[in-house]
2 protein chains.
Amino acid sequence: MPVRIEDVARAAGVSTATVSRALRGLPSVSTDTQETVRRVASDLGYVVSRSASSLATGKTLTVGVVTPYVRRWFFATAIEAVERELRGVGYDALLVGVGEPMTGDVAPFRPEVLQGRVDGMVILTAPLTGQEMDGVRRLAVPTAFVGVAVSGTMSVRVDDVAVGRTATEHLIALGHRRIAHVGGDPEDQLNYTTPLDRRAGWLSAMRQAGLEPPPWYGETSDFTAPGGHRAMQRLLALEEPPTAVFAASDEIAFGVIRAAREAGLGVPGDVSVVGVDDHDLSETMGLTTVRQPVFEQGQVAAQLVLAVIAGDSSRRHEHVLAETRLVCRTTTAAPADTSP
Amino acid sequence: MPVRIEDVARAAGVSTATVSRALRGLPSVSTDTQETVRRVASDLGYVVSRSASSLATGKTLTVGVVTPYVRRWFFATAIEAVERELRGVGYDALLVGVGEPMTGDVAPFRPEVLQGRVDGMVILTAPLTGQEMDGVRRLAVPTAFVGVAVSGTMSVRVDDVAVGRTATEHLIALGHRRIAHVGGDPEDQLNYTTPLDRRAGWLSAMRQAGLEPPPWYGETSDFTAPGGHRAMQRLLALEEPPTAVFAASDEIAFGVIRAAREAGLGVPGDVSVVGVDDHDLSETMGLTTVRQPVFEQGQVAAQLVLAVIAGDSSRRHEHVLAETRLVCRTTTAAPADTSP
DNA sequence: CTGTTAGCGCTTTCAC
DNA sequence: GTGAAAGCGCTAACAG
């Protein structure tokens, strides 16, 4: 039923080889035939069979986008960026979910299934096991990680230690001393250093200011608003609750703020909150945050793998660090009680 | 470099045909050889070439997921659902962005490029032009729409008129009379009836209660918080601002609430707000909303196309309507001034 | 510049 | 139950 290259060849009065060349714009075709073939092909509504072409060339014109979530803002934004970048140059995005890494309620990621299906991969801060990492390497296609640096391949991310430090220093500069942190669970590492790094940044800034925080100021949660909400409730139950909270993501921060308000505390009157990301809703919510350019990181990751696919092996090990910056809005202020 | 079927055949001492059969579990293979082949294949790390297999069978084991956005909650959630459903049965999700439909800053969707690349499609409330729709039909693969009913194929959605009515009736029941609506732009239709339907539901409920709203109570915006924010600012500048707002999405509602609070109005003290969706953050924000099961809609859409692909043509024209329900939280209350 | 001829790696009749 | 051989639709040498 579909039009094959042979139909075009016949209709144009040339060989299939010539049609193939003409359609791909190879130089070794006269402008005339090129034009004729193009017209005939378009008239016939011909479109090359990807499987046949892939089988013959070994290229798939497809890049795998592996991600643990798509519902969370960070991932959704990065995915959209990657997809656009790929589509812009005629590549397809094969979306590969790796399941809830924390709960394992989905079959594990088996990189082998991508064998021969993709020319490259963009992996979004997926907490991969060692096995999975090996599998990824074995695929031997250009691969860029977003959000975490992996040696031997490409990556684009932000300096999460600096992020934690920036947020915390902002709070300290405002005069806060009892500054808590609500971050990701360090147990769930698996090559996923973001939660650890942000926490480290917090600790480092605190210590540098001579403010060793008690262990119970280091709360953990998943990266969701309900998680932040619960964590904040625990913090508020302490004898000496914090006057400021550095949340490891804006979504956590939303939950933290909610818990504070439910407890009758004003934000930023009684407690200041700063997040990380600059989520789509953060401006609307007035959230002070450390902004990271997520869309851009996705774009760059896609560009990197496309470049290496295209043969620019000089970038094969490139690690790019995106800029972050504090965006002050209305959830942080000096503490009510400024005296020591 | 990669292991081919022939390698497995040789190692197992059988023909490639037998390997092919054994690996696919065809009945016409003795249990013994089946087992041997399986083991050898796994030992060798063999994985069938998708392009070769597709070329030979005509099936791609891939379904296209076409969407105008991935960053917006509704789409991200549906995409995640579809991807999981597909992966669960060994199908791949090919993510296809159709660009900002409103601004046209991205190349138009050309369904032909999916020719022969997918066995089916799930199309997420994408405002397709007539041309694009024709292209989709011409692909002649099982296709399910999410969020909009399209005749001649499958769909899963909610009754948006009922949604609008439910939200509005809730406000009316609380005693509100000056109820405005902030919805999507009716200009941007293109088979995308959601904004129109929700608006129609609002109007219908109002009229049924004998409350013909003035035209300027029918505000429009895109489906974002900033859009809702701007729309609410316009509403608040009216001589007689509304005491309640029905926002066509939770994201719009967040913006509306923000604008109200910035104007010094309490929510729900001075103005009530109800949204639609039950966005991930709505519970945390305490937003009253008309919940729609987005994840489930995505699942069902995927199941439908998988079923038809699998040969169950009885569902080829199935239209499923998902349930919605009002979730009362803390952004709606009786108006301050209950007197007429 | 263009045509001929092999495959790419798998599946599928058709025999046995 | 298993093998031989003929494609699936395209691209890549190799001639000319």
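Scroll up for the structure.
Predicted model only: the values in this text are computed from it and were never measured.

A. Looking closely at the relation of the copies chain A and chain B. Least-squares fitting of chain A to chain B yields an RMSD of 0.1 Å, with the superposition described by an axial translation of 0.0 Å and a rotation of 180 degrees. What the rotation and shift describe, once combined, is the action of a two-fold rotation axis. A symmetric contact is evident, with 100% of the interface residues of chain A recurring at the interface of chain B.

B. Representation of the side chain of His181 of chain A. Residues and elements named next belong to chain A. Assignment of secondary structure puts His181 in strand 6 (residues 179-183). Judged by relative accessible area, which is 0%, His181 ranks as buried. Separated by 2.9 Å, the side chain of His181 and the backbone oxygen of Phe246 make a polar contact. Beyond its immediate sequence surroundings of up to four residues, His181 is in contact with Arg198, Arg199, Trp202, Tyr217, Gly218, Glu219, Phe246 and Ala248.

C. Broad picture of helix 4 (residues 50-57) of chain B. All buried positions along helix 4 of chain B are accounted for by Arg50, Ser51 and Ser54 of chain B. Looking down the long axis of helix 4 of chain B, one finds its buried residues gathered within 95 degrees of arc, a one-sided arrangement. Lining the buried residues of helix 4 of chain B we find helix 4 (50-57) of chain A together with strand 2 (92-97) of chain B.

D. The arrangement of the interface of chain A and chain B in detail. Facing 42 residues of chain A, the contacting portion of chain B comprises 42 residues. Buried surface at the junction of chain A and chain B, both sides included, amounts to about 4100 Å², of which 58% is carbon and sulfur. Broken down residue by residue, the surface that chain A buries against chain B is led by Arg71, Leu95 and Thr284 of chain A, which jointly contribute 17%. The tally of links between chain A and chain B comes to 4 salt bridges. Asp92 of chain A is the partner of Arg117 of chain B in a salt bridge, and the nearest nitrogen-oxygen pair spans 1.9 Å. In this structure, the connection of chain A to chain B is made through 12 residue pairs in polar contact (both at pLDDT 80 or more). Listed by contribution, the elements that provide at least two residues to the side of chain A that touches chain B are helix 4, helix 5 (73-88), strand 2 (92-97), helix 9 (225-236), helix 10 (250-262) and helix 11 (282-285) of chain A. Considering each element in turn, the side of chain A that touches chain B owes the most residues, 7 residues, to helix 5 of chain A.

E. Structural context of the packing of aromatic side chains. All names here are of chain A. Scanning all chains against the criterion turns up 4 aromatic pairs over all chains. Plain terms: the ring middles of Phe74 and Phe75 are 5.2 Å apart, the flat faces sit at 75 degrees to each other, and that makes the pair edge-to-face. Residue classification places Phe75 among the buried positions, given a relative accessible area of 7%. Connected via pairs of aromatic rings, a cluster forms that spans Tyr69, Phe74 and Phe75. Cation over ring: Arg72 sits above Tyr69, and NZ or CZ is 3.8 Å from the ring centre.

F. Representation of the protein's contact with DNA strand D in the model. The environment of DNA strand D is formed by 24 residues, the closest being Ile5, Ser20 and Tyr46 of chain A together with Thr18 and Arg21 of chain B. A breakdown of the atoms of DNA strand D within 4 Å of the protein gives sugar and phosphate a share of 69%. At 2.9 Å from a phosphate oxygen of DNA strand D is found a main-chain nitrogen or oxygen belonging to Ser15 of chain B. Ala56 of chain B is positioned with one of its backbone polar atoms (N or O) 3.4 Å from a base oxygen of DNA strand D. When residues of the surface near DNA strand D are traced back to their parent elements, those giving at least two are helix 2 (16-23) and helix 4 of chain A together with helix 2 (16-23) and helix 4 of chain B. With 4 residues, helix 4 of chain A is the largest single contributor of residues to the surface near DNA strand D. A per-class count over the surface near DNA strand D returns 11 nonpolar, 9 polar and 4 charged.

Reading the values: rules and limits
- Residues numbered from 1 in each chain as written.
- Chains lettered and ligands numbered in written order.
- Predicted model: local features only at pLDDT ≥ 70, side-chain atom pairs only at ≥ 80, totals over all residues.
- Heavy atoms only, no water.
- Least-squares fit on C-alpha atoms with pLDDT ≥ 70 in both.
- Contact = heavy atoms within 4.5 Å.
- Helix = DSSP H or I, 4+ residues; strand = E, 2+ residues; numbered from the N terminus.
- Buried < 20%, exposed > 50% of the residue type's maximum accessible area, 1.4 Å probe, protein only.
- Polar contact = N/O pair within 3.5 Å; in protein donor to acceptor, adjacent residues only side chain to side chain.
- Arc of directions from axis to C-beta.
- Buried area = accessible area lost by both parts, 1.4 Å probe.
- Salt bridge = Lys/Arg side-chain N within 4 Å of Asp/Glu carboxyl O.
- Phe/Tyr/Trp six-rings, centres within 6.5 Å; stacked < 30°, edge-to-face > 60°.
- Lys NZ or Arg CZ within 6 Å of the ring centre and 35° of its normal.
- Near = heavy atom within 4 Å.
- Nonpolar A, V, L, I, M, F, W, Y, C, P; charged D, E, K, R; others polar.

What is shown is where atoms sit, not what they do.
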